[in-house]
Amino acid sequence: MPQQDTYDLVVIGGGSGGIAHAQRAAEYGARVAVVESHRLGGTCVNVGCVPKKVMWHAADIAQALGDAAAYGFKVEQGPHDWAALKRARDAYVLRLNGIYESNLARRNVELIRGRARFLGPRTVAVGELVLQTRYVTIATGGRPILPALPGADLGITSDTFFELPARPPRIAIVGSGYVAAELGSVFGALGSEVTLVLRGERLLRDFDPILSETLMAHMRAQGMQILTKVTLGGLRPAQSRSPSGELELYLPDGSPLGCYDSVLWAVGREPVTLDLDLPRAGVTLDPEGFIPTDPLQETNVPCIFAVGDVTGREALTPVAIAAGRRLSDRVFGGQAGRKLEYHTIPTVIFTHPTIGTVGCTEAQARERHADVRVYRSSFVPLYHGVMERKPRSEMKLIAVGPEERIVGLHVIGPGADEMLQGFAVAVRMGARKVDFDDTVAIHPTSAEELVTMR
Ligand code: FAD
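Residues numbered from 1 in each chain as written. Predicted model: local features only at pLDDT ≥ 70, side-chain atom pairs only at ≥ 80, totals over all residues. Heavy atoms only, no water.

We now examine the pairing of strand β20 (residues 393-400). If a strand is regular, its side chains alternate between the two faces of the sheet. Among the eight residues of β20, eight are classified as buried, and the element is accordingly described as predominantly covered. Every second residue of β20 is oriented toward a common face, with S393, M395, L397 and A399 on one face and E394, K396, I398 and V400 on the other, all of them buried. In this sheet, β20 lies alongside strand β19 (residues 372-379) in antiparallel orientation, the contact comprising eight bridges. If you follow V372 over to β20, its bridge partner there is V400. What sits between the antiparallel neighbours β20 and strand β21 (residues 405-412) is a turn of four residues, in which G401 has the positive phi angle 75°. (Buried < 20%, exposed > 50% of the residue type's maximum accessible area, 1.4 Å probe, protein only. Helix = DSSP H or I, 4+ residues; strand = E, 2+ residues; numbered from the N terminus. Pairing = 2+ DSSP bridges.)

Here's what the structure looks like:
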């Protein structure tokens, strides 16, 4: 006889969204279980934001070491010890896994280890265990995809990037999204020869061109190669023992594109739904395999919700967390109608330099509004004043209507990551250009440019 247990809420997936949602529900007194098949914390903690940001810090230090002489330091730069950094990073992530587990226990959320699948809309199985529940939330996230090309499995993805025991001297990164840009930036700063392979013409093509064009110029200036408009045929072991790498990317006619020690595919992510047995619960998917929900995070089955990357909305940790918490506020906290509004979501890209963006691009603003005014600023930050390396920071404010309401704010330059959060509050509140102008600048900073544009 399988063991049975009864809950108010079973959450499938112990990542950013699932954990936040479960904990908030338990705080309201619900009996909650989280089912997790891998390590607690999901993508963000184990193979996403957290270890990626550690690598970004390493890249940042590498750049600062390069700049140190201009500030009068005599720094002897030895080789970077990738393995030591990996050990420290892995230990930090392991500590976070433990903290997540004790946080669940502290809030009386039951953690069930294993792979969950549906037996019915209110019945979930984990191995032999059968869970009966009033509600189920699917928070199973996504995973990186490999392209449908011969030899693709010889390459790595963002998941296996974090397993690399050593830094490959030559790496090709295929893709144009933020993962390609961020990891390319890390490898470049730490000393790899980086080739970015793009199908189109620009990196970050969904972002305002001021960001993608400036980033591409900076990356090229840092010595990275960016190949555009490339259609690939596949990946194979290098035909001769090439001194420049063991793997060869080739074009559709079989001719070689280049040899590399490692090839990283950053060509997109897919939702994790396949082994959930969703038909037994009656949950339907959209054509791309995501679980569509209404604005209240409800799937087509009223007692089953979905949050986070699996829903196909903005794939960001704070989005998954906010959706999960608001869902618990509504269902268990008596806050009728509480939901996440999926607009004006700020985003940072951890490249060198960083990018911060909130609101619409200039092209989107012109599609939506007749009256658009664009303000720009381009300058060399004071930090670079004393050295030869002089990368420019670029900023753009997009204002609409007679009131000049700010609907887009885009920054590339050092500090953009930390600058953006406060400006995102202002944009979300409907700030006008005059509100920016009337705010006294903080000097000397890069951020002051945003309140002094004319
Ligand atoms: P996940 O965190 O992916 O969690 C899903 C969990 O469900 C996993 O732990 C999985 O094991 C589990 N699971 C799946 N199926 C089952 C099953 N059947 N049974 C039991 N468990 C199951 N976002 C940011 O905001 N900032 C960043 O800087 C950032 N950097 C990123 C860098 C990289 C390289 C990547 C890949 C992503 C990054 N993201 C970043 C995105 C962020 O990691 C995700 O948006 C976020 O983790 C999504 O949370 P989630 O809860 O939807 O899913």
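Structure shown, so let's carry the discussion forward.
Across the sheet, which stays open at both edges, the three strands sit in the order β11-β12-β13 with antiparallel pairing between neighbours. Here the strands that pair on one side only, and so sit at the sheet edges, are β11 (234-237) and β13 (256-260). Between one strand and the next, the sheet's axes are offset by a mean angle of 25°, whatever the strand orientation. Pairing between β11 and strand β12 (residues 247-250): four bridges, direction antiparallel. Note on β12: the bridge partner recorded for L235 is L249. (Axes fitted to C-alpha atoms, helices over the stretch in contact; angles between N-to-C directions.)

All chains considered together, the criterion is met by nine aromatic pairs. Summarising the aromatic geometry, the rings of W82 and F161 are spaced 6.1 Å apart at their centres and angled 85° between planes, so their arrangement reads as edge-to-face. One end of the pair, W82, is in helix α4 (residues 82-106); the other, F161, is in helix α5 (residues 158-161), and 79 residues separate them in sequence. By relative accessible area, which is 4% here, W82 ends up buried. Classification of F161 by relative accessible area gives buried; the value is 0%. Pairing W82 with F187 gives two aromatic rings, centres 5.8 Å apart and planes at 5°, and the pair type is stacked. With W82 in helix α4 and F187 in helix α6 (residues 178-190), this pair connects stretches of sequence that are 105 residues apart. (Phe/Tyr/Trp six-rings, centres within 6.5 Å; stacked < 30°, edge-to-face > 60°.)

The subject of this paragraph is the environment of Q239. Examined against the element boundaries, Q239 turns out to sit in the loop between β11 and β12. Judged by its relative accessible area of 64%, Q239 is exposed.

Turning to the environment of A59, a few remarks are in order. Its location among the elements puts A59 in helix α3 (residues 49-67). On the accessibility criterion, A59 (0% relative accessible area) is buried. Apart from the residues lying within four places of it in its own chain, the contact partners of A59 are V186, A189, L190 and H352. (Contact = heavy atoms within 4.5 Å.)

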